[in-house]
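Spelled out from the first residue to the last, the chains are:
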Amino acid sequence: MRQTHLPTACKRRARLSESVEKVIDQITFEITQIDRLFTVYAELLARVQQRQPDTVEIAAVASVLHSFYNGVENIFLIVAKQIDQNVPTGNQSHRDLLVQMMKQNAHRSKVISTETGKQLGDFLGFRHFYRHSYSFFIDWNELQILVFVLNAVWSQVKSDLDLFKTNLQARG
């Protein structure tokens, strides 16, 4: 029986293609998880945009915003680990990761636009506050700014991620 040997370049391309598909699948999974987050809490998010929320609702909304940014950051970590092979460390690692995703490199296009990154910076700042504070310190007047732009920011993030996945497939 005769064996067919693929040239090394073809094998490398096949491995790269499998790797790209894995990354795209992982990104798509995280997107569906964030969409599910918004579906589960849609009633709460709508309610707090129509009237002043109580302390429990504020804490719940804060948790949703925290989960949202964590989900987005999960996507960034997938890219940083599997494509860039460079995950920032240190005191500014979360901010550095966000900045890294706004820049293209030899392995990929930008993951998100600079404008999207600036908008996400506000959610990153809130995430930091949320993780290091008591929930009763959350000021609704500040939180509502993020709540009111949440859907628009998520739509832009998804749009940027769709473009990124398309570019990644084209390279793969």
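The structure under discussion appears in the preceding block.
Everything numeric here is computed off the predicted structure, so don't read it as measured data. (Residues numbered from 1 in each chain as written. Predicted model: local features only at pLDDT ≥ 70, side-chain atom pairs only at ≥ 80, totals over all residues. Heavy atoms only, no water.)

Draft legend 1. Structural detail: unusual backbone geometry. One non-glycine residue, Gln 85, adopts positive backbone phi at about 55°. Mapped onto the fold, Gln 85 is located in the loop between α3 (55-84) and α4 (93-101). (Helix = DSSP H or I, 4+ residues; strand = E, 2+ residues; numbered from the N terminus.)

Draft legend 2. Looking closely at the nonpolar core. Counting 47 residues, the largest nonpolar core has Phe 38, Val 61, Leu 65, Phe 68, Phe 76, Leu 120 and Leu 143 as the members making the most contacts within it. Looking at which element gives the most residues to this core, the answer is α3, with 14 residues. With sequence-adjacent residues up to four places away left out, Leu 65 is seen in contact with Phe 123, Phe 126, Leu 143, Leu 146, Val 147 and Leu 150. (Core = buried A, V, L, I, M, F, W, Y, C linked by side-chain atoms within 4.5 Å. Buried < 20%, exposed > 50% of the residue type's maximum accessible area, 1.4 Å probe, protein only. Contact = heavy atoms within 4.5 Å.)

Draft legend 3. The packing of aromatic side chains, seen in detail. Under the definition given, this model contains nine aromatic pairs. Relative to Phe 137, the ring of Phe 136 has its centre 4.8 Å away and its plane inclined at 45°; by these criteria the two rings are tilted. Here Phe 137 falls in the exposed class, since its relative accessible area comes to 53%. An aromatic cluster is present here, built from Phe 38, Phe 68, Phe 123 and Trp 154 joined pairwise through their rings. (Phe/Tyr/Trp six-rings, centres within 6.5 Å; stacked < 30°, edge-to-face > 60°.)

Draft legend 4. Representation of helix α6 (residues 140-171). Between its first and last C-alpha atoms α6 spans 44 Å; for 32 residues at 1.5 Å apiece the expected length is 46 Å, and the two agree. At Leu 150, α6 shows its largest bend, some 50°. (Expected span 1.5 Å × (residues − 1). Bend = angle between axes of the 7 residues up to and from the residue.)

Draft legend 5. Region of interest: the packing of helix α5 (residues 114-131) against α6. Relative to each other, α5 and α6 sit at 135°, their axes nearing to 10 Å. On the basis of the axis angle, α5 is oblique to α6. For the crossing formed where α5 meets α6, the hand is left-handed. On α6, the residues that touch Thr 116, Gln 119, Leu 120, Asp 122, Phe 123 and Phe 126 of α5 are Leu 143, Leu 146, Val 149, Leu 150, Val 153, Gln 156, Val 157 and Asp 160. Of the residues in the contact of α5 with α6, the class split is nine nonpolar, three polar and two charged. (Axes fitted to C-alpha atoms, helices over the stretch in contact; angles between N-to-C directions. Parallel < 35°, antiparallel > 145°, perpendicular 65-115°, else oblique. Left-handed = near helix turned anticlockwise from the far one by under 90°. Nonpolar A, V, L, I, M, F, W, Y, C, P; charged D, E, K, R; others polar.)

Draft legend 6. Main features of α5. The first and last C-alpha atoms of α5 sit 25 Å apart over 18 residues, in line with the 26 Å expected at 1.5 Å per residue. Of the residues making up α5, those classed as buried are Thr 116, Gly 117, Leu 120, Gly 121, Phe 123, Leu 124, Phe 126 and Arg 127.

Draft legend 7. The pattern of salt bridges, seen in detail. In total, this model carries six salt bridges according to the counting rule given. In this structure, the salt-bridge partner of Arg 108 is Asp 84, at a minimum N-O distance of 2.7 Å. Taken together, the residues span a long stretch of sequence, with Arg 108 in the loop between α4 and α5 and Asp 84 in helix α3 at a distance of 24 residues. Overall, the relative accessible area of 11% leaves Asp 84 in the buried class. With its nearest N and O atoms 3.9 Å apart, the salt bridge here joins Lys 165 to Asp 162. A residue pair is termed a helical-turn pair when its members lie 3 or 4 positions apart in one helix, as Lys 165 and Asp 162 do in helix α6 at three residues. Judged by its relative accessible area of 14%, Lys 165 falls in the buried class. Among the charged side chains, a network of salt bridges with common partners joins Glu 43, Arg 47, Arg 51 and Glu 57. (Salt bridge = Lys/Arg side-chain N within 4 Å of Asp/Glu carboxyl O.)

Draft legend 8. Region of interest: the packing of α3 against α4. Contact geometry for α3 and α4: axes closest at 10 Å, N-to-C directions at 70°. Regarding the angle of α3 to α4, the classification is roughly perpendicular. In the packing of α3 onto α4, the handedness of the crossing is left-handed. Contact residues: Tyr 69, Glu 73, Phe 76, Leu 77, Val 79, Ala 80 and Asp 84 in α3; His 94, Leu 97, Leu 98, Gln 100 and Met 101 in α4.

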